[in-house]
Structure formats: structure tokens, C-alpha cells
Amino acid sequence: MRLETARMDLFRRLWEARKLILVVMIPMSLLPLPLIHPSSESSCAYVLIVTAVYWVSEAVPLGAAALVPAFLYPLFGVLKSSEVASEYFKDTTLLLMGVICLAASIEKWNLHKRIALRMVMIAGAKPGMLVLGFMCCTVFLSMWLSNTSTTAMVMPIAEAVLQQLIYTGIADSHNDSDTVETQEYESEKEENLNKNQLELLYCKESCEKPELCILSEEANGLTLKPSLGPDLPMQTNGYLPQAAIDIPVSKKPKIRRDSLYPTMRDHMICKCLSLSITYAATIGGLITITGTSTNLIFAEQFNNRYPEAKVINFGTWFIFSLPIALIMLVLTWLWLHCLFLGCNFRETCSWSKKCKTTREILSEKRIHEEYQRLGPISYPEVVTGLFFILMTLLWFTREPGFVPGWTSLFEKKGYRTDATISVLLGFLLFLIPARKPWPSAFSSKRKGEDDEQDKEDPLAPMITWKDFLRLMPWEIVILVGGGYALAAGCKVSGLSMWIGRQLEPMNGLPPWAVTLLACLLVSAVTEFASNPATLTVFLPILSALSETLQINPLHTLIPTTMCVSFGVMLPVGNPPNAIVFSYGHLQISDMVKAGFGVNLIGVLVVMLAITTWGVPLFQLNEFPTWAVMRNVTGNL
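Residues numbered from 1 in each chain as written. Predicted model: local features only at pLDDT ≥ 70, side-chain atom pairs only at ≥ 80, totals over all residues. Heavy atoms only, no water.

Asks: Even after reading the chapter, I still don't get helix 6 (residues 68-76), so can you show me in this structure?
Replies: Spacing of three or four residues puts side chains on the same side of an α-helix, whose turn is 3.6 residues. When we look at burial in helix 6, the residues that qualify are V68, P69, L72 and Y73. All buried residues of helix 6 lie within an arc of 100 degrees about the axis, which places them on one face of the element. Buried residues along helix 6 sit in contact with helix 4 (40-57), helix 5 (62-65), helix 7 (81-86) and helix 23 (474-493). Positive backbone phi, approximately 75 degrees, marks G77, located one or two places after helix 6. (Buried < 20%, exposed > 50% of the residue type's maximum accessible area, 1.4 Å probe, protein only. Helix = DSSP H or I, 4+ residues; strand = E, 2+ residues; numbered from the N terminus. Arc of directions from axis to C-beta. Contact = heavy atoms within 4.5 Å.)

Structure below.
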């Protein structure tokens with residue numbers, strides 16, 4: 001017995017130290033690779049494998065694992081220390097810093113919350129339209145904010161609405177007894193009272209027990225509904241005028257006493273809305289080049305590997321990815337609706353005001369109350385909105401392609417990028433005061449807020465350095481830098497060309513088949529590994545493969561970059577999944593079932609895009625000259 005206890009204790013200690021064992025054993029077990037075959041390729045492969053294992057296993061933090069090339073490359077003679085250090089800070093880092101400045105201003109002044117609540121108010125409180133409304137506002141916000149920040153911001157708003165649904169949900173939506181009908185329907189129902197209904201006539205003078213008129217639904221599980229004519233007003237003091245009260249005998253609400261949710265229908269709504277937010281954040285992150293870190297990793301690695309290719313910028317990426325996001329948004333909403341809410345779209349998506357349930361009325365009231373708490377739009381919100389629009393317009397018009405952009409006004413070409421605009425406007429947010437420079441007698445002030453502002457510096461800027469630091473994802477910056485360092489090492493050592501030669505047997509496959517295999521592979525790997533780490537490992541390999549097979553690299557790299565974001569089947573797939581799962585409405589089986597469908601939808605839509613409108617946009621039918629030049633340079 002003692003021996004078995006000691007053995008179990010040993011296993012427990014080993015399990016607790018598994019990450020430390022992995023950190024030590026992986027480099028030691030792979031060390032013969034560069035020692036037995038002392039070459040630049042084997043040394044670079046050693047560093048690449050060690051870093052990739054650390055990333056996939058998360059034995060050490062992602063940012064710390066990204067520093068492995070910084071000391072192993074110089075030790076093995078692959079790159080100089082100064083050359084490795086220069087890879088950790090690139091143009092995309094400045095682009096991200098400028099976007100984070102704008103995101104800090106948006107969150108500080110609650111512009112994101114105003115946008116979200118307004119869009120939900122437009123959609124209404126019908127379950128289907130409510131889900132679609134939250135998805136639309138989440139997609140829009142995720143275009144400019146990180147997926148994690150967007151989910152963390154929208155989910156509390158959705159949770160408040162869900163709690164209102166749970167609080168008021170006594171019967172499921174199929175029970176028509178809690179439906180507020182029009183006066184015509186009420187008068188028609190009065191004429192058709194059948195034998196199963198009990199008609200009670202109360203008069204204000206003769207009622208001995210008026211409390212019988214205000215029976216609680218929770219007390220007896222029955223739905224008590226006064227059927228009032230159009231001329232009889234509703235009394236609010238406990239007495240009812242002469243009226244018929246319907247008490248259904250046969251149908252009773254199926255109240256779940258052993259659950260937090262009044263009905264199974266309520267639980268399905270909670271699941272559907274929770275999952276829709278994380279999926280919408282993922283979809284929105286695809287639209288812009290700054291929407292998610294994987295887009296930035298692709299843009300920087302592509303521009304570093306193919307400096308002569310002037311095809312990837314904010315405008316071209318937006319034109320390509322916006323239809324993908326819109327199609328995915330509609331199909332994902334339909335999939336979630338059919339999976340959790342059923343296929344009766346007329347019931348759950350009607351905008352008609354003739355028929356609304358009690359929970360829908362109260363939910364709309366709750367959303368309106370939340371919006372009213374924000375007060376009138378403030379001066380900082382206006383400034384932030386103008387900066388948001390200005391940054392977008394300047395990005396679009398820098399080099400639109402079909403007409404000369406504003407960069408053509410400068411004599412020297414190629415000096416100004418999207419990062420230039422981002423950093424300039426982000427810098428101005430540190431200078432512009434957050435208070436109006438002129439007094440306004442007509443502007444309404446928020447209670448408490450202006451009192452605090454009077455005590456503060458009147459020239460306080462829109463954002464402070466603390467606001468910036470609170471949102472700046474330095475771990476992602478270092479992670480992206482580690483990916484650039486790995487790519488530089490693969491290029492200098494010749495490892496990427498060696499990998500490409502090993503993949504020559506795939507020459508017989510058509511381009512669409514190669515792309516599909518790559519998309520399915522990264523979609524599976526990213527379910528268990530972080531998205532940035534997965535993409536950083538696969539991009540150099542797929543670039544070499546495309547050059548070897550004489551395929552336009554964009555034909556494989558763009559779909560792979562998008563599909564790496566589809567790790568939506570498990571809570572560990574990405575941070576938005578974990579945030580949504582933490583609210584307790586979901587089980588692992590729910591995420592796997594719904595996520596598999598979303599993953600499949602994403603891969604199919606991306607493949608549709610790359611074989612249709614992506615072909616003329618990026619000239620995918622031909623092997624470009626900039627890829628030929630890169631191939632020749634690599635061989636030399």
C-alpha cells in the first residue's frame with residue numbers, strides 16, 4: 001500500500017513539473033542534430049524546432065519562447081546578435097502602436113459601448129435579431145480593436161441582457177400565454193372563450209378579496225392574463241375592472257426547477273448569444289490588416305521575404321476580406337440559429353411590433369436604460385470618432401491602386417506606409433485636450449463626470465501613457481518579433497530552400513488542392529496551439545513550397561493566414577473562446593459542435609474567395625516576377 005502511495009505521489013510530482021521537464025528535455029534531446037550535422041541548415045532547424053515546441057506546448061510564456069532565437073542564433077553562428085535584434089521591431093510594430101492609441105481612446109470614453117448598444121437597439125430583442133445585432137456590432141468593433149478586447153467589452157453587455165431574459169423567463173417562447181397581443185386580437189379572443197377557461201367578474205365595490213386578482217405566475221405555475229376590452233383601462237392598485245381573466249388549464253409552462261434557466265429555450269438563447277460573440281470577433285478580425293495579430297505577422301513576413309511585391313496594404317486586404325467576412329457572418333448566424341434556436345425564423349426574427357413577449361419588452365427596456373446611462377454624446381467621443389474616420393480614410397487613399405493616392409503628392413516614393421498614418425494620429429491623441437476649448441451653454445453635462453474634470457487639468461489629453469500601456473500587447477510584439485527572427489534565420493541559412501526541395505513531390509497537385517491542404521492543416525493545429533505561433537511556424541514552409549511549385553505565394557499564404565484564426569472549437573483555441581466559456585453558459589460539447597460548423601464554413605468561404613475575386617485582385621493565375629527574383633536570389 002505504501003509503495004503504491006509513493007508511486008502515485010511520484011507521478012503527481014512529475015505531472016506538476018511536466019513543463020519544466022519539457023523545457024529541459026526538448027533542447028537536450030535535439031542537441032545531436034546540430035552536433036552530428038554541423039551546418040547552418042541543421043542549426044537553424046534546431047532553433048526552429050525548439051521554439052515551435054515551446055510555442056505549441058506553452059511550456060513557457062509565448063513571449064519568453066519568442067526570445068529563444070535571440071540567443072541561440074548567435075550561439076550557433078546563424079545570425080549576428082545585432083541582426084537578430086533588428087528583427088524584433090518592425091514597421092508593423094509602429095502600426096500596432098498607433099492603432100492601440102486609438103483603441104485606448106475608444107475604450108476610455110465608452111465610444112465602443114455606445115456603438116454596441118445602439119446597434120442592438122436597432123436589431124430589437126427577438127432572439128434571432130438580438131443575436132444578429134450583437135454579431136454585427138462585434139464584427140465592426142473587432143475590425144479596429146483586438147479580438148480579445150472586443151469580446152471582453154461586448155460580453156458583459158450581452159450577459160446583462162441574458163440575465164434579464166433569465167429573470168423574466170417563466171415560460172418558453174412556444175407558450176402563447178405570455179404574449180402581448182393587439183387590441184383586435186384581444187377582442188377576438190374574448191368572443192371565443194371556451195369551456196376550459198374560467199371567467200371571473202370582479203367589481204371594485206363587490207370584490208371581497210382583491211388580492212386574488214394579482215396572482216403571481218411564480219406562485220402557482222399558471223399564466224394569469226386579464227382580457228380587457230379596448231374601453232377598459234388597466235388598474236394598478238390591486239383592483240381590476242369588470243373583465244375576463246383567462247386561466248389555461250391544460251398548458252403549463254415547463255419550468256426547470258433544477259436549473260439556473262427557467263426553460264431549455266432560455267438556455268439555448270444563452271448558448272447561441274455567447275458563441276455568436278466569440279465567432280463574430282474572429283470574423284471581424286479578418287477584415288483589416290490590423291484586426292488581429294496573425295494578419296500583422298503575415299504582412300510583415302511577406303513584405304520582408306518579397307520586398308518587391310507592392311500588393312499587400314490596407315486597401316487590398318480590405319477589398320479581399322470584407323466579402324469573406326460578410327458571407328461568414330450570415331452563414332455563421334444561420335448555423336447557430338438552426339443549431340440552438342431552430343429553423344423557425346419567422347418567430348425569432350420578426351420585426352413586427354404587434355406581438356412581443358414580456359421578456360422581449362423588458363430586455364429592450366434594459367438595453368435602453370444602459371444606453372441612457374451613457375448620457376449625451378461627449379466631446380471626447382466626437383474627437384475619437386473623427387480620428388477613427390480620418391485614420392480609415394487615410395489608409396484607404398494612401399495607395400488605392402485604381403487612382404493615384406495621396407502619397408503621389410510627395411517627391412520621394414515608398415517612404416510612407418500605413419504605420420506612418422497610425423503613429424501620427426496616435427501621437428496627436430496624447431496632445432489634444434479632452435475638454436472643449438470653448439464653453440458651450442447648450443451641452444448637457446454628465447453628473448459626477450464634470451465635477452471630476454473641474455478638479456483635473458483643463459489641458460489633460462485624450463489619452464495618457466498609462467491608458468496606452470494598459471492595452472498595448474507587448475507579448476504579441478515580442479512574439480511577432482520572434483517570428484521575424486526565425487524567418488530571417490531560415491532565409492540566411494538556406495533552410496527554407498531545403499524544405500522547398502523536400503516538398504517537390506507535390507508538384508502534381510493543382511494550386512487549389514495545395515491551398516486546401518494547407519488550410520485544413522493549420523485549422524487543425526491551431527485548435528491546440530496559439531494562432532500567432534502556428535502561423536509563424538507555417539509561413540516560411542508554405543512560402544518555400546509555393547516557390548518550389550511555381551505557385552503565386554499569395555495563393556497559399558492568404559488563405560492560411562485567415563484559416564489560422566478559425567481555432568474556435570475549444571476554449572484553449574484563442575482568448576475570446578476562453579472569455580465566453582468563463583461565463584458558464586457553455587459546455588465543451590457545445591463549443592465543439594458549433595465550432596466545427598464555423599470552421600468548415602470559414603475554410604469553404606476562404607477557398608471560394610481565393611479562387612474567384614482573389615484571382616484578379618492579386619493576379620494569382622501567374623507566378624509573379626517578385627517571387628521569381630526571390631527564388632533566384634535564394635538559389636544564389
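Asks: Even after reading the chapter, I still don't get unusual backbone geometry, so can you show me in this structure?
Replies: Of all residues except glycine, most have a negative phi; of all peptide bonds, most are trans. Look at Q550: it is not a glycine, yet its phi comes out positive at around 60 degrees. Along the polypeptide, Q550 turns up in the loop between helix 26 (531-548) and helix 27 (553-563). Backbone geometry places Q619, a non-glycine residue, at a positive phi of 50 degrees. In this structure, Q619 sits in the loop between helix 30 (614-618) and helix 31 (625-635). The exposure class assigned to Q619 is partly exposed, which follows from its relative accessible area of 42%.

Asks: I tried to follow the packing of helix 10 (residues 127-142) against helix 16 (residues 314-341) on my own but got confused; where do I start?
Replies: Angle between the axes and distance between the axes are the two parameters that describe a pair of packed helices. It is at 11 Å that the axes of helix 10 and helix 16 come closest, and there the two elements cross at 145 degrees. Considering the relative orientation of helix 10 and helix 16, their crossing is right-handed. Residues P127, G128, V131, L132, M135, C136 and V139 of helix 10 pack against L329, T332, W333, H337 and L341 of helix 16. Of the residues belonging to the contact of helix 10 with helix 16, the class tally is 9 nonpolar, 3 polar and no charged. (Axes fitted to C-alpha atoms, helices over the stretch in contact; angles between N-to-C directions. Left-handed = near helix turned anticlockwise from the far one by under 90°. Nonpolar A, V, L, I, M, F, W, Y, C, P; charged D, E, K, R; others polar.)

Asks: Please explain the nonpolar core as it appears in this structure.
Replies: Across soluble globular proteins, you tend to see nonpolar side chains buried next to one another. Within the largest apolar cluster, 125 residues are counted, with the highest numbers of intra-cluster contacts made by F134, F298, F302, I312 and L554. If we skip the residues at most four places from it in the chain, F302 touches A309, V311, I312, L554, L557 and W626. The next biggest cluster of nonpolar side chains, apart from the first, holds 29 residues, and it includes L72, Y88, L486 and A533. (Core = buried A, V, L, I, M, F, W, Y, C linked by side-chain atoms within 4.5 Å.)

Asks: How do you make sense of the packing of aromatic side chains when you look at a structure like this?
Replies: Aromatic ring pairs are reported here in terms of the distance separating the ring centres and the angle at which the planes meet. Applying the stated rule across the entire model yields 14 aromatic pairs. Here the aromatic rings of F140 and F388 are separated by 5.9 Å at their centres, their planes lie at 70 degrees, and the arrangement is edge-to-face. Of this pair, F140 sits in helix 10 while F388 is found in helix 19 (residues 379-398), placing the two residues 248 residues apart along the sequence. Take F140: its relative accessible area is 29%, and that puts it in the partly exposed class. Taken together, a centroid distance of 5.4 Å and an interplanar angle of 80 degrees make the contact between F302 and W626 edge-to-face. In this pair, F302 is assigned in helix 15 (residues 293-305) and W626 in helix 31, connecting sequence segments 324 residues apart. Since its relative accessible area comes to 2%, F302 is described here as buried. Every member of this aromatic cluster is reached through a ring pair, and the members are F298, F302, Y306, W317 and W626. Sitting above the plane of the W15 ring, R18 keeps its charged end 4.1 Å from the centroid. (Phe/Tyr/Trp six-rings, centres within 6.5 Å; stacked < 30°, edge-to-face > 60°. Lys NZ or Arg CZ within 6 Å of the ring centre and 35° of its normal.)

Asks: Teacher, can you tell me more about the environment of C136 here?
Replies: Tracing the chain through its elements places C136 in helix 10. In the structure, C136 is positioned 13 residues away from A123 in sequence and 9.6 Å away in space, judged by C-alpha atoms.

Asks: I'm lost on the state of the cysteines in this one. Help?
Replies: Linking two cysteines covalently through their sulfur atoms gives a disulfide. The tally for this structure, following the rule as stated, stands at 0 disulfides. The closest cysteine sulfur to the non-disulfide-bonded C136 is located on C137, 7.7 Å from its own sulfur. According to the relative accessible area criterion, C136 is partly exposed, its value standing at 27%. Among the residues examined, C137 registers a relative accessible area of 0% and is labelled buried. (Disulfide = S-S within 2.5 Å.)

Asks: Any chance you could explain the pattern of salt bridges here in plain terms?
Replies: For side chains bearing opposite charge, pairing can occur when the charged atoms are close. As enumerated under the stated definition, the model contains 7 salt bridges in all. E381 serves as the salt-bridge partner of R114, at 2.6 Å between the closest nitrogen and oxygen. One end of the pair, R114, is in helix 9 (residues 111-123); the other, E381, is in helix 19, and 267 residues separate them in sequence. Given the relative accessible area of 8%, R114 is considered buried. On the basis of relative accessible area, E381 is assigned to the buried category, the value being 2%. Of the charged contacts, one joins R305 and E547 as a salt bridge, the two residues approaching to 3.1 Å between their closest N and O atoms. Separated by 242 residues along the polypeptide, R305 in helix 15 and E547 in helix 26 bring together distant segments of the chain. On the basis of relative accessibility, which here comes to 10%, the residue R305 falls in the buried class. (Salt bridge = Lys/Arg side-chain N within 4 Å of Asp/Glu carboxyl O.)

Asks: Sorry if this is basic, but what is going on with the packing of helix 8 (residues 91-108) against helix 20 (residues 418-429) here?
Replies: Closest axis-to-axis distance for the helix 8/helix 20 pair is 8 Å, and the angle between their directions is 35 degrees. Note that helix 8 runs across helix 20; the crossing there is left-handed. The segment helix 8 lies against helix 20, with D91, L94, L95, G98, V99, C101, L102 and S105 engaging D418, A419, S422, V423, G426 and L429. Considering only residue class, the contact of helix 8 with helix 20 consists of 8 nonpolar, 4 polar and 2 charged.

Asks: Explanation requested: the side chain of N147 in the structure shown.
Replies: With respect to the helices and strands, the residue N147 is situated in helix 11 (residues 147-168). At a separation of 2.8 Å, a polar atom in the side chain of N147 contacts the side chain of S142. Ignoring sequence-local partners within four residues, the contact set of N147 consists of S142, A281, T282, G285, G291, T292 and P576. (Polar contact = N/O pair within 3.5 Å; in protein donor to acceptor, adjacent residues only side chain to side chain.)

Asks: Can you help me understand a nonpolar patch on the surface in this one?
Replies: Together, M8, L10, F11, L14, L20, I21, V24, M25 and M28 give the surface a local cluster of nonpolar side chains, amounting to about 900 Å² of exposed area. When residues of the nonpolar patch are traced back to their parent elements, those giving at least two are helix 1 (2-16) and helix 2 (18-30). Tallying contributions element by element places helix 2 first for the nonpolar patch, with 5 residues. Position of V24 relative to the elements: it lies in helix 2. (Patch = residues over 30% accessible without salt bridge, like charges linked within 9 Å, V, L, I, M, F, W, Y side chains within 5 Å. Areas by Shrake-Rupley, 256 points an atom, 1.4 Å probe, with all protein chains shown as cover.)

Asks: I tried to follow the confidence of the model for the protein chain on my own but got confused; where do I start?
Replies: Low-pLDDT stretches of the model should not have their predicted coordinates read in fine detail. Of all residues in the protein chain, 76% have pLDDT values of 70 or greater, and the mean over the chain is 75. Of all secondary-structure elements in the protein chain, the lowest mean pLDDT belongs to helix 13 (residues 217-220), at 36, while helix 27 reaches the highest, 92. In this model residues 441-445 is a low-confidence stretch, pLDDT under 50, and it forms 3 contacts with partners more than four residues away in sequence or in other chains. Contacts of residues 447-451 to residues separated by more than four positions or lying in other chains number 1 contact, the stretch itself having pLDDT below 50. (pLDDT = per-residue confidence, 0-100.)

Asks: Help me out: how do you make sense of the environment of H555 in this one?
Replies: Structurally, H555 is set in helix 27. On a C-alpha basis, the gap between H555 and W512 in space is 8.1 Å, while along the polypeptide they are 43 residues apart. Once residues within four sequence positions are removed from consideration, H555 is found in contact with P511, W512, T515, I610 and L620.

Asks: Explanation requested: the environment of L393 in the structure shown.
Replies: Inspection of the secondary structure puts L393 in helix 19. Distance in space between the C-alpha atoms of L393 and G315 is 10.0 Å, their sequence separation being 78 residues.

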